[in-house]
Amino acid sequence: MALDLDAMLVKIGERQWALADIDWDAPGADKITAEQWPGLKAFMADLVWIENVGARGFAAMAKLAPTETLADIYRYFHAEEQRHANAELALMRRWGMLDGDDLPEPNVNIRMAIEWLDRFADDMPLSVLGTVIPMLEVALDGALLKFLMDEVKDPVCHQVFEKINADESRHLAVDFQVLEILGNARLRKLLIESVGKTLTPGLLIGVLMYIPLLNRMRNKIVDMGLSEERLYVAMNRFKNVGERSPGTRRVPTYQVLKWHADMVVNRKHPYHLLANSMVWMSDRVPAKVFGPVPTWFKELTYEPVARETLEQAS
Amino acid sequence: MSEETHSVVIIGAGFAGLGTAIRLVQSGNEDFVILERGDRVGGTWRDNTYPGAACDIPSLLYSYSFALNPRWSRGYSGSAEILGYIDEMVERFGLARFIRFNTNVTSAQFREDDGVWAVTSDDGQTYLGRAAVMAAGPLANASLPKIRGIDTFTGAKIHSARWDHDYDFAGKRVAVIGTGASAVQIIPELAKQAAQLTVYQRTPGRVIPRTDYRTPGWTKQLFAAAPITQRAAREGLFWVHESMALGMVWSTPLTRIIERAAGAHLRRQVRDPWLRRQLTPDFRAGCKRMLVSNDYYPALQRANTKLITWPIATISADGIRTSDGIERQFDVIVFATGFDITKTGTPFPITGLGGRILAEEWTRGAEAYKSINVSGYPNLFFTFGPNSGPGHNSALVYMESQIDYIVRATKLITDRDLLSMDVRPDVQRAYNVQIQKRLKNTTWNSGCRSWYLTDDGYNGAMYPGFATQYARQLGDLRLTDYVLTAHARSNTGNTGANDRVSRPRHRNVRTLERTRHAAPVRR
């Protein structure tokens, strides 16, 4: 059944939550084991930035949205991904993983993603970001977050990720509805858009950015102990939901992403020779090739109340 | 409860009501009353006294041609000076004797038997008029927006149109919600005073620079000594604005030029690419009201100012929570969220022929004939009525045409002793079909959400054309478009050579229908 986007917009507005709703000093922070701590720290740092990059993706989608309702929904999703990043940062602080007030350093592939998003995302066709984002969200929601829930015993962590999961399920419902809408366009339009608009230098650079970013994350979580089986399950969910809708199946970028996801989750696939060498090469990219970090990147905070507006400021 | 009878009852003592009064006096009619709910004149300009309040149309054009003011101190005057001009008009034309202050109208009803409007106020007084003029203004009512949790906020709440001049912003943590026409004037002023100013934006507007200047003394002297020079300057400004319609009313290559000019203004004043992106609108120039400011962008970049574009999730006891999960705490929230514009109803019940209620007919959007009359509501005239809004020129230019039309029509009612002058429903329908057809091609209907449109996207606010076109249509009071009904007591000859007497509809009236050949009454 088609999703009523107007009703969804109302629902999203009603389901907002804030960092202040969570008691960040509640007992349970000590349930992180010494063994877990270093791997979890590295993983959370990447997760925070991935959420932040996802947020920027939704910001681009708000500009690309064909209707005001969808634009409003994407504006919410943009903010919600930022909220997830803020909450995860607050968890890192709770677990003593932040060095003073400093935010964790984004890895080189994240920096590449930022550069790409700032330069190209606003001009991409909706079908590109509209397919990549649900794929990443399924992976995040279906594999990584469930893995965290199993491994980490801190009740505050569970409280946070339950809220994040609830948000993500709404994101996925909208994401797949949009894929369905995109797929119901005339085939000729789909092909013209795929070939004419998608195969641009921006997209090719995006692919070069995306492959090592995904593999770095994949390798990191597998190293942390996440079974590859979970990734299969998550990717199958992406496919199962997508295949249910004839519209989605007609979206060329969906077909490409599905084919790519199959390769990513299969460690034995020769694709990883290419992807891992790209990770290796990206590690050798000198930091000075990147421009200054965009200001949206500095908006993350673990503080439930913005410091500049606290009472003592007045 | 008492009654007072006049030839015309005017509701509202703002620009429109007072302008109508001046023209009535000049036409020789001094039998009218102006009902004003406040305790002083000025309407929108009396209410909007927030810091920085100013007009974004040049003062030479934002004034009446029949009440020129040679002493405007600036190109674009502030609210205090505009209010001073309005006060001066009241004195100059001796209007005070016509005004009933603190008279809040609660209903208006047409009495079919004797052809008068019975306008009732909340103190039980009824004012009877052969004609009634709705000059209540579209920007008269303002209330706090319905944001979740607004009642829980423990700090101060101030609406831009109800400014609290006793509140001291110095050293305070201030939030401004809204980035429209009022906000871009308030923000630069508050940024100078507040310790911390946070601006909440939903969608950015398109900002063009303001070419403001202090009027040199010699110009004032020249305008005072030779008003023809002021008229010439006004005429020049009129045509500059009129030409802007080509880019602001319709999407044309000029629209692109206006967008580029606004884009260049943004690039010149804002260096940070992300802030620039946040301030870049997604809609065509003209689709929403253009903003005019030189100091808005610099104010947003001050060290003590921050722009927030996250959706507001809720207002809490201490501040505002946005969807990024963060709360910001404030001493005061300023709501620059606009007005309760009557797009689908009326400010008080208006009852016409056969007990029909205007608000019920306007539930899906307001419509009228030439923005002035509504069929079924005889002898009732609107200023700033449906589809009379300008997007590119002075509202007062439009208002002058409305006023002159109303003065001629009300004169007709008294001179010919008409029981009622009611626009024909078929004429009104045809007029609106045409208006809505023309609106389809305008920037306002090009896909953005704005206060010009109802939730259904119906545009009952704007006039799709040049000010010149609007004035021309109102220059022609076409009697064939109306059903004119004479009092039983009057001589049928009064209604014109081509009138035809038909059977009486009411006990003591006879209906006079105009033939299609009747000569229009012209100025």
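These remarks concern the structure in this document. (Residues numbered from 1 in each chain as written. Chains lettered and ligands numbered in written order. Predicted model: local features only at pLDDT ≥ 70, side-chain atom pairs only at ≥ 80, totals over all residues. Heavy atoms only, no water.)

## A look at the environment of K258(A)
Residues and elements named next belong to chain A. Tracing the backbone shows K258 in helix α11 (residues 252–265). Accessibility expressed as a relative area gives 15% for K258, which makes it buried. Once the C-alpha coordinates of K258 and M235 are considered, the two residues, 23 residues apart in sequence, prove to be 8.2 Å apart. Discounting residues that sit within four places of it in the chain, K258 has contacts with F238, K239 and E243. Here E243 takes part through its side chain, which lies 3.1 Å from a polar atom of the side chain of K258. (Helix = DSSP H or I, 4+ residues; strand = E, 2+ residues; numbered from the N terminus. Buried < 20%, exposed > 50% of the residue type's maximum accessible area, 1.4 Å probe, protein only. Contact = heavy atoms within 4.5 Å. Polar contact = N/O pair within 3.5 Å; in protein donor to acceptor, adjacent residues only side chain to side chain.)

## Here we look at the interface of chain A and chain B
The interface is formed by 38 residues belonging to chain A together with 30 residues belonging to chain B. Note on chain A versus chain B: buried area summed over both sides is about 2,800 Å², and carbon and sulfur give 51% of it. Across the contact surface, chain A and chain B share seven salt bridges. Of the charged contacts, one joins E299(A) and K306(B) as a salt bridge, the two residues approaching to 3.2 Å between their closest N and O atoms. Sorting the residues of the side of chain A that touches chain B by element identifies α1 (5–14), α2 (36–64) and α3 (68–94) of chain A as the ones contributing at least two each. Sorting elements by how many residues they give to the side of chain A that touches chain B places α3(A) first, with 11 residues. Here the side of chain A that touches chain B is composed, by residue class, of 14 nonpolar, 10 polar and 14 charged. (Buried area = accessible area lost by both parts, 1.4 Å probe. Salt bridge = Lys/Arg side-chain N within 4 Å of Asp/Glu carboxyl O. Nonpolar A, V, L, I, M, F, W, Y, C, P; charged D, E, K, R; others polar.)

## Quick look at the sheet that holds strand β9 (residues 196–200) of chain B
All names here are of chain B. Sheet architecture is open: five strands sit in the order β7-β16-β8-β9-β12, paired in parallel fashion. The sheet is open, and its two borders are formed by β7 (156–159) and β12 (305–308), each paired with just one other strand. Taking the axes of each pair of neighbouring strands and ignoring which way they run, one obtains an average angle of 20 degrees across the sheet. With four bridges joining them, β7 and strand β16 (residues 332–335) adopt parallel strand pairing. Each residue of the ladder has a partner; that of I158, found in β16, is V334. (Pairing = 2+ DSSP bridges. Axes fitted to C-alpha atoms, helices over the stretch in contact; angles between N-to-C directions.)

Geometric descriptors of this kind do not, in isolation, establish any biological role.
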